[in-house]
Amino acid sequence: PYTLLDQSALDRDLPLCQERGVGIVIGAVFASGILATGPTDEASYGYEPAKNDIMIKARMIATVCERHGVPLSAAALQFPLYQPMVAAVIPGANSPEQVRSNVTAMQHNIPNALWAELKAEKLIRAEAPTLSKIGRHCLLQLSCSNKSRLVSLANSRLCAILSTNASTKMLVSTTTNGGNAKFLR
């Protein structure tokens, strides 16, 4: 995994990708939900109820995010994209509202001071990359009714919309540095 809660991929997987020149797409950036919903009583981690140690760490990360005026979901969604080998993330949205929320989270400005504090508090690993890189992209995925259409303009590129029978499956590319997205009905 490579999330705010677990950077174990820094030990072997990400260095191996870098050595071989392979980019990767990260799924489950919200760690099965706890980094999207916050450390609530119903929070899940690893697709089961979150254990106490995970809840404590998630609360500590959320507190740092609050101090910096950053939604926990924005930090969770953007964090993996600072890693040079990560080309995109898949947040796993399953409704138009979740896609809107993810686009907003991707556009949220995150101060470097937040990442520095997370490192100082040993909530993320010191070697985890956290400096901006130009042209970061996010991959959003959604299935929804044909009545909703998401159009994303990212560096003047239109997203791909793949239609099937009664639903629309969308792959949306957006950036955190100037791109925007909007829903069209």
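Source: prediction; values computed, not measured.

Caption draft 1: Quick look at the overall build of the chain. The secondary structure content of the chain amounts to 6 helices and 10 strands. When the 185 residues of the chain are sorted by exposure, 44% land in the buried category. Total accessible area on the chain stands at roughly 9500 Å², and carbon and sulfur atoms take up 54% of it.

Caption draft 2: Expanded view of the packing of helix 3 (residues 52-67) against helix 6 (residues 112-120). Axis separation between helix 3 and helix 6 bottoms out at 10 Å; the angle between their running directions is 150°. With respect to each other, helix 3 and helix 6 are oriented roughly antiparallel. The handedness of the crossing between helix 3 and helix 6 comes out as right-handed. Contact with helix 3, carried on its side by Ile61, Val64, Cys65 and Arg67, involves Leu114, Glu117 and Leu118 of helix 6 and no other residues of that element. A breakdown of the residues in the contact of helix 3 with helix 6 according to their chemical character gives 5 nonpolar, no polar and 2 charged.

Caption draft 3: Expanded view of helix 3. With 16 residues, helix 3 extends 23 Å between its outermost C-alpha atoms, agreeing within 8% with the 22 Å of an ideal straight helix rising 1.5 Å per residue. Among the residues of helix 3, Ile54, Met55, Ala58, Ile61, Ala62, Val64 and Cys65 are the ones counted as buried. Structurally, helix 3 contributes buried residues whose contacts are with helix 2 (34-37), strand 2 (44-45), helix 4 (72-78) and helix 6. Following helix 3 by one or two positions, Gly69 has its phi on the positive side, about 70°.

Caption draft 4: Quick look at the pattern of salt bridges. This model, assessed by the stated rule, comprises 6 salt bridges. Between Lys51 and Glu48 there is a salt bridge, and its shortest N-O distance comes to 3.9 Å. Taking relative accessible area as the criterion, Lys51 reaches 52% and is therefore assigned exposed. According to the relative accessible area criterion, Glu48 is partly exposed, its value standing at 41%. Arg125 is the salt-bridge partner of Glu127, the closest N and O atoms lying 2.5 Å from each other. A single network of salt bridges, built from pairs that share partners, joins Asp11, Arg125 and Glu127.

Reading the values: the criteria
- Numbering of residues starts from 1 in each chain and follows the order in which that chain's sequence is written.
- Given that the model is predicted, a residue must reach a pLDDT of at least 70 before its local features are reported, and side-chain atom pairs must reach 80 or more before they are shown or counted; all residues, however, enter totals for whole chains, interfaces and linings.
- Side-chain metrics in this entry use all non-hydrogen atoms of the structure; hydrogen atoms and water are not considered.
- Only DSSP runs of H or I reaching four residues or more are called helices, and only runs of E reaching two or more are called strands; each is numbered from the N terminus.
- Each residue is placed in one exposure class: buried if its accessible area under a 1.4 Å probe, protein chains only, is under 20% of its type's maximum, exposed if it is over 50%, and partly exposed if it falls in between.
- Each accessible area is a Shrake-Rupley result for a 1.4 Å probe, and residues are judged covered by the shown protein chains and nothing else.
- The axes are straight lines fitted to the C-alpha atoms, using for helices just the contacting stretch, and the angles between their N-to-C directions are given from 0 to 180°.
- The cut-offs work like this: below 35 degrees is roughly parallel, past 145 is roughly antiparallel, 65 to 115 is roughly perpendicular, and the gaps in between are oblique.
- By definition, any crossing whose near helix is turned counterclockwise from its far helix by less than a right angle is left-handed, and any crossing with a clockwise turn is right-handed.
- Contact between two residues is taken to exist if any of their heavy atoms lie within 4.5 Å; hydrogens are not considered.
- Residues are grouped as follows: Ala, Val, Leu, Ile, Met, Phe, Trp, Tyr, Cys and Pro are nonpolar; Asp, Glu, Lys and Arg are charged; every other residue, Gly included, is polar.
- Any helix carries an expected span of 1.5 Å times its number of residues minus one.
- Salt-bridge detection follows one rule: a side-chain nitrogen of Lys or Arg within 4 Å of a carboxyl oxygen of Asp or Glu.

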